[in-house]
Amino acid sequence: MAHSSFHEEDRFNDFYSEVKEIEKRDSVLTSQQQIDRLLRPGATYFNLNPFEVLHLEPDTPIELIKKKYRTLSILIHPDKNPDNQERAQQAFEVVNKAWKTLENDVTRKQCLDVYDEAKGRTDLMISEKRKKLRKEGKSDAIPEDDPSKYKHAVYVMVMKLFADMERRRQQLDLRDQEERKRKREQEIEEEEQRNFQKEWQKNFEESRQNRVNSWQTFQASSSSSKPKKAKKTKYTSFNPPKIKPESR
């Protein structure tokens, strides 16, 4: 794990050196060089720092930040680079995002806090290095005593902190997406359950009415099929006729 970390830091240092070499070679980078700087391999890591995207120091006043943004955005604008519009558009979006971050007081303060923390961590790392050298009975002189090396150490720490922030942001986004997905699935399940209950109730009411109708039909049918009772004959008492006397 440690070996992997050292290897990653070496690659980053190489990348940093390449960027600085370009900057030394040209005091004012051309459109193509700026596009290459913003889109070179590994630039996604580099472009997390909006100050580096705009090639500015963190203590630059907002008025100068805005001026640099306008100059750079015009330089790499797709309309100004008709032969390389697709890459110019990608670089333009990177620059525009950096400006949006720095023009906002809250997000610019967050970026400056990253620099402060990076400086604090670098100073602590240097202090630990010196203690270790003293315990070993060696001179406590270290490469970071050189201002340029110290600045580079702070720069590396800044980029690592921005990378950590981005990883946390992605994790939060993923967690938020999963939570929204879970809630949506729950809502769908509850909706399906409500629909099922409505359908069940509807079917039950219809079948209940059918049962009532069937029973009423059965009752009516049973009544009509029963044999009618014969009318009772009313008998009266029998009185034999009177015999008249024979007349002579």
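Engineer: Hey, could you go over unusual backbone geometry for me, with residue numbers and the actual values?
Structural biologist: In the Ramachandran plot, His55 falls in the positive-phi region, its phi being about 60° despite a non-glycine side chain. Along the chain, His55 falls in the loop between helix H4 (50–53) and helix H5 (62–76).

Engineer: Provide a residue-level description of a negative patch on the surface, including the pertinent values.
Structural biologist: Among the surface-exposed residues, Glu185, Glu189, Glu190 and Glu192 lie close enough to one another that they form a single negatively charged patch. Of note, Glu185 is situated in helix H8 (residues 147–225). On the basis of relative accessible area, Glu185 is assigned to the partly exposed category, the value being 45%.

Engineer: Describe the pattern of salt bridges, listing the residues and the values that go with them.
Structural biologist: Across all of its chains, the model carries 17 salt bridges by this definition. For Lys100, the salt bridge is made with Glu103, and the minimal N-O distance between the two is 3.7 Å. Residue Lys100 and its partner Glu103 are both found in helix H6 (residues 85–103); the two are separated by three residues, about one turn of the helix. In this structure Lys100 comes out as partly exposed when scored by relative accessible area, which is 47%. Among the salt bridges present, the one from Arg169 reaches Asp173, with a minimum N-O distance of 2.6 Å. Here the residue Arg169 and the residue Asp173 both occupy positions in helix H8, the gap between them amounting to four residues, near one helical turn.

Analysis parameters
- Residues numbered from 1 in each chain as written.
- Predicted model: local features only at pLDDT ≥ 70, side-chain atom pairs only at ≥ 80, totals over all residues.
- Heavy atoms only, no water.
- Helix = DSSP H or I, 4+ residues; strand = E, 2+ residues; numbered from the N terminus.
- Patch = residues over 30% accessible without salt bridge, like charges linked within 9 Å, V, L, I, M, F, W, Y side chains within 5 Å.
- Areas by Shrake-Rupley, 256 points an atom, 1.4 Å probe, with all protein chains shown as cover.
- Salt bridge = Lys/Arg side-chain N within 4 Å of Asp/Glu carboxyl O.
- Lys, Arg positive; Asp, Glu negative; His and termini not counted.
- Charge placed at Lys NZ, Arg CZ, Asp CG, Glu CD.
- Buried < 20%, exposed > 50% of the residue type's maximum accessible area, 1.4 Å probe, protein only.

Function cannot be inferred from these measures alone, as they are strictly geometric.
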